[in-house]
Amino acid sequence: ALKSFGPVNWKNTNQETIPGILENVKFLFKLSEPLCHGKPNLKLGLRYIFSHFELQFKFHFMRKVKTNDIKKPEWYFTKLLSWIREFKDKFQTHFGVLFENENNATITALFVERYCEFAVLELNEDIPKLDDGLFTHYIDEVIKFHKELKDHIPLSHFKSPILNLFTEEKTLNRWLQLETISSFKFLTNVEADEHCFEERESGSGYPIPSMCVRVLTSVKAVGERVKVFPSLALNNSFYSLQCDLLKEFMIHLSDKLQKLDHKDPKFYLVVNSVVYILAILEEWSYDQHYIKVSKFEGDKAPFSHISDSYELLQQDV
């Protein structure tokens, strides 16, 4: 039935052609009802409505052409975003009537989800071929794409098939492993930097070393990057990584406190680091994202066990 109707070219749709398209979709709905417990198959109707876009996407990004470059996933994410911006209102106006039992947010979610499914076709082919550098680049582009989507749709109203792809066990484990290696390497490099004790303003009137600022910025970024993913299990995995990084940094600070002379200015910069980190952890404890994730983890409050350890270190000074 889909093939007999031919693709729907949205750029050529008008008041004369829309009624015929609507009738075709209603026919598809009726055709699907016996197979869907008496309910219309919305996805079948969407496949027909978006058939022209699917053909365009495959033409540009799934053939042996210059635009199909495994190193440039941003090319097709940019194209999808441009289609979403251009046709979102048109979809609501012309085809919203087909989804009369759904609210506007759900209708928009169905619209965006269908576009995301195009990207999944390409990602399923590309991900197994990626080296670690490209794999990391793909994650960056996926996160960037979904952050830009927030300008057009509240992400809580739909389940992105792209995000679901990156929560699959094999893909997630690879991502977490790379993120762990990269984060701990960064921590080591920061401490090895000859400028790691350069003074920075804490914002509370006392100086702290630059390494403290850089490490906390990195730790925060680990959690911020994954906020677009609705999966609490995924967010919990990266929350655990944040905790591990903070623990490791505490061990390094403790080691420095034992080795530095109390008269050395660096000693007091390390002490200030402990004070500063406790203040930042207190601030993060009110973040609703961390509150949800920490409950999933079973913590009494966000980073509470980390704060306890830093408080003990502070008492030992």
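A quick note: this is a predicted structure, and the numbers were derived from the prediction, not measured.

Colleague: Where do I start with the overall build of the protein chain in this structure?
Modeller: Scanning the protein chain for helices and strands turns up 14 helices and two strands. Buried residues in the protein chain amount to 45% of all 317 residues. Looking at the protein chain alone, contacts between residues at least 24 apart form 72% of all its contacts between residues at least 6 apart. For the protein chain, the accessible surface area stands at approximately 17,000 Å², while carbon and sulfur atoms represent 52% of it.

Colleague: What's the story with the pattern of salt bridges in this structure? I'm lost.
Modeller: Side chains that carry opposite charge are capable of pairing whenever their charged atoms lie near each other. In this structure the tally under the stated criterion is 15 salt bridges. Residues Arg 225 and Glu 179 are paired through a salt bridge, measuring 3.6 Å at the closest nitrogen-oxygen approach. Taken together, the residues span a long stretch of sequence, with Arg 225 in helix α10 (residues 210-225) and Glu 179 in helix α9 (residues 169-192) at a distance of 46 residues. Judged by relative accessible area, Glu 179 falls into the buried class, the value being 14%. Lys 227 is paired through a salt bridge with Asp 287; the nearest N and O atoms lie 3.4 Å apart. Pair noted here: Lys 227 is in the loop between α10 and α11 (232-259) and Asp 287 is in the loop between α12 (265-284) and α13 (288-297), with a separation of 60 residues, a long-range link. For Asp 287, a relative accessible area of 22% corresponds to the partly exposed category.

Rules behind the numbers
- Residues numbered from 1 in each chain as written.
- Predicted model: local features only at pLDDT ≥ 70, side-chain atom pairs only at ≥ 80, totals over all residues.
- Heavy atoms only, no water.
- Helix = DSSP H or I, 4+ residues; strand = E, 2+ residues; numbered from the N terminus.
- Buried < 20%, exposed > 50% of the residue type's maximum accessible area, 1.4 Å probe, protein only.
- Contact = heavy atoms within 4.5 Å.
- Areas by Shrake-Rupley, 256 points an atom, 1.4 Å probe, with all protein chains shown as cover.
- Salt bridge = Lys/Arg side-chain N within 4 Å of Asp/Glu carboxyl O.

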